[in-house]
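Topology and contacts: notes
The lines below spell out each chain.
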Amino acid sequence: MNVLAWNCQRAGAELTKKHLEELHRCFQPSFLFLSETKNNRFFCRICKFHSAMIGNKIFITFVYGDPVVEYREYVWERLTRMSLNCRNVWLMIGDFNKITGNHEKRGGGGGGRRAESSFFPFRNMISNSGMIDFPYTGNSLSWVGRRVSGKVKCRLDRAIGNGDWHFLFSHTSVEYLKLWDSDHRPVLAKICSVVRKRRKIFNFDKRWLGKPGFKEAVISGWGDFNEAHHGNFHQKVVSCPRLIEDLKNQIDIATADDNTTLEELEDLRRHLCTAFREEESFWSQKSRNLWHKDGDQNTKFHHALTKLRRARNLIICLKDKDGNLAENPDEIEAVAVQYF
């Protein structure tokens, strides 16, 4: 199960909508929490959910720490009170708007350091609630802001769980995703009790053709033809950069770079919007829908057409030379090999 929290800063912006579509497509979160959506019809600091997983009742709290410092301790007090009555496995995730110490901050005036006493209320809430950090990957400095003194980066977003959660879902991990439209990174909690290994399949993307740097990227990843023939070809294919991800990587790096100007960042985001429009064209081509016009945003429709075509092309059984049906994938493969 995946749980995702993100301070998106405006749910209606073009890049935000594209980012949400991609997050859903890549991670299919069971729970998604958005804050600062600019939706005045709904307002809260804490959202509580009960659910069940592998026969156990779980408790998930989505948190948005009050941006007004003097009100923030009311949020910590309420969470502490909730912990007194919580007897379930418990996960907190969201934008807490607070750090636990100066080690979670870079940049800012006064050498970037805050008084140690300012961290006590937040630390006490975490301690009194019995919450423990999860192992994480990605850049944990999840928020990037601009001040007169320069860029400031802090770990404002996090996911934490109580001891029961760590015992029951011992392989839960957190990933800080790329930052390319909001000033907060999405936080993804991947919840599992055992480790599952997956094998990734490489697929060539026709959108790469004609892009500047494509030929150089292929040569860099594969080497020359002879080398690709005699070396580990699969590894060379996998190592070839995914060019469609390049702009997001550039924005992610540029956001953290103190020397990047706002104009340069906006220019990268405009290019990213163009790339997403190309993606719509790609799905139209992939679905083989000839009447689709450029600019139509029926991406979900084209996804459905593509999956329908794949389902029609799927071989679910074969008849061998003796007239017996082979339905197991290994048996189907053996019948096909024997035939040819």
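This section reports on the structure supplied with the text. This is a predicted model, so every value here is computed, not measured.

**Side note on the pairing of strand E4 (residues 56-64)**
With seven of nine residues buried, E4 is to be regarded as a mostly interior element. As defined by bridge partners, strand E3 (residues 46-53) adjoins E4 across eight bridges and the pair is classed as antiparallel. By the bridge assignment for E4, Ala52 is matched with Lys57. Between E3 and the antiparallel strand that follows it, E4, lie two residues; Ile54 among them carries a positive phi value of about 40 degrees.

**Focus on the pattern of salt bridges**
Evaluation of the coordinates by the stated rule reveals 11 salt bridges. A salt bridge links Glu266 to Arg269, with the nearest nitrogen and oxygen atoms 3.2 Å apart. Of this pair, Glu266 and Arg269 are both found in helix H9 (residues 262-287), three residues apart, which corresponds to roughly one turn of the helix. Exposure remark for Glu266: the relative accessible area of 37% places this residue in the partly exposed category. Under the relative-accessibility criterion, Arg269 is labelled buried at 14%. Look at the salt bridges and you will find they share partners, linking Glu104, Asp133, Arg155 and Arg158 into a network.

**A look at the nonpolar core**
One broad trend across soluble globular proteins is that nonpolar side chains are buried collectively. Residues Val3, Phe62, Leu91, Ile93 and Trp165 are the most contacted members of the largest nonpolar core, which totals 22 residues. Those elements that place two or more of their residues in this core are strand E1 (2-7), strand E2 (31-35), E3, E4, strand E5 (89-95), strand E12 (173-176) and strand E13 (187-190). Ranked by residue count, the leading element in this core is E4, at four residues. Trp165 has contacts with Ile58, Phe59, Val89, Trp90, Leu91, Phe134, Ser170, Thr172 and Ile191, leaving out every residue within four places of it along the chain. With 16 residues, the next largest nonpolar core counts Val75, Leu79, Met92 and Ile126 among its residues.

**Side note on the packing of aromatic side chains**
What the rule picks out here adds up to eight aromatic pairs. Put simply, the rings of Phe31, Phe33 and Phe62 touch in pairs and so form one group of aromatic residues.

**As for the packing of helix H2 (residues 69-85) against helix H3 (residues 120-128)**
One way to put it is that H2 packs onto H3 with a least axis distance of 9 Å and a crossing angle of 10 degrees. Here H2 lies roughly parallel to H3, going by the angle between them. In this structure, H2 contributes Glu73, Trp76, Leu79, Thr80 and Ser83 to the contact, and H3 contributes Pro121, Phe122, Met125 and Asn128. Its residues assigned to classes, the contact of H2 with H3 comprises five nonpolar, three polar and one charged.

**Quick word on helix H1 (residues 14-27)**
An ideal rise of 1.5 Å per residue puts 20 Å on 14 residues; H1 measures up with 20 Å between its terminal C-alpha atoms. Restricting attention to buried positions, one finds in H1 the residues Leu15, Thr16, Lys18, His19, Leu20, Glu22 and Leu23. Trailing H1 by a residue or two, Gln28 shows a phi angle of about 40 degrees, which is positive.

**Things to note about the sheet that holds strand E9 (residues 143-147)**
The antiparallel open sheet is built from three strands, whose spatial order is E6-E10-E9. Two strands lie at the open edges of the sheet, namely strand E6 (105-107) and E9, each paired on one side alone. Sheet twist, expressed as the mean angle between neighbouring strand axes with direction ignored, is 15 degrees. With five bridges connecting them, E9 and strand E10 (residues 150-154) associate as antiparallel partners. Note that in E10 the partner of Arg146 across the bridge is Lys151.

**Looking at the environment of His171**
Mapping His171 onto the fold places it in the loop between helix H4 (163-168) and E12. Along the backbone, His171 and Phe134 are 37 residues apart, and their C-alpha atoms lie at a distance of 9.1 Å. One polar contact links His171 to Ser170, side chain to side chain, over a distance of 3.4 Å.

**Here we look at the side chain of Thr61**
Note on placement: Thr61 falls in strand E4. Under the relative-accessibility criterion, Thr61 is labelled buried at 0%. Reaching out from Thr61, the side chain makes a polar contact with the side chain of Trp90 at a distance of 2.7 Å. What Thr61 contacts, discounting residues up to four positions off in sequence, is Ile46, Cys47, Lys48, Leu79, Met82, Trp90, Leu91, Met92 and Ile93.

**Considering the side chain of Thr16**
Relative to the elements of secondary structure, Thr16 occurs in helix H1. Residue Thr16 is classed as buried on the basis of its relative accessible area of 0%. Ignoring sequence-local partners within four residues, the contact set of Thr16 consists of Trp6, Cys8, Arg10, Ala11 and Asp181.

**Quick notes on the sheet that holds E4**
The strands making up a sheet associate through hydrogen bonds between their backbones, and the pairing can be parallel or antiparallel. In spatial order, the strands read E3-E4-E5-E11-E7; together these five strands make up an open sheet with mixed pairing. This sheet does not close on itself; its edge strands, each paired only once, are E3 and strand E7 (131-133). With direction set aside, neighbouring strand axes in the sheet form an average angle of 25 degrees. Sheet topology places E5 next to strand E11 (residues 157-162); five bridges connect them, and they run antiparallel. By the bridge assignment, Met92 is partnered in E11 with Ile160. Packing against the sheet, H2 makes contact with E3, E4 and E5, and its axis sits at approximately 30 degrees to E3.

Quick notes on the rules
Residues numbered from 1 in each chain as written. Predicted model: local features only at pLDDT ≥ 70, side-chain atom pairs only at ≥ 80, totals over all residues. Heavy atoms only, no water. Buried < 20%, exposed > 50% of the residue type's maximum accessible area, 1.4 Å probe, protein only. Helix = DSSP H or I, 4+ residues; strand = E, 2+ residues; numbered from the N terminus. Pairing = 2+ DSSP bridges. Salt bridge = Lys/Arg side-chain N within 4 Å of Asp/Glu carboxyl O. Core = buried A, V, L, I, M, F, W, Y, C linked by side-chain atoms within 4.5 Å. Contact = heavy atoms within 4.5 Å. Phe/Tyr/Trp six-rings, centres within 6.5 Å; stacked < 30°, edge-to-face > 60°. Axes fitted to C-alpha atoms, helices over the stretch in contact; angles between N-to-C directions. Parallel < 35°, antiparallel > 145°, perpendicular 65-115°, else oblique. Nonpolar A, V, L, I, M, F, W, Y, C, P; charged D, E, K, R; others polar. Expected span 1.5 Å × (residues − 1). Polar contact = N/O pair within 3.5 Å; in protein donor to acceptor, adjacent residues only side chain to side chain.

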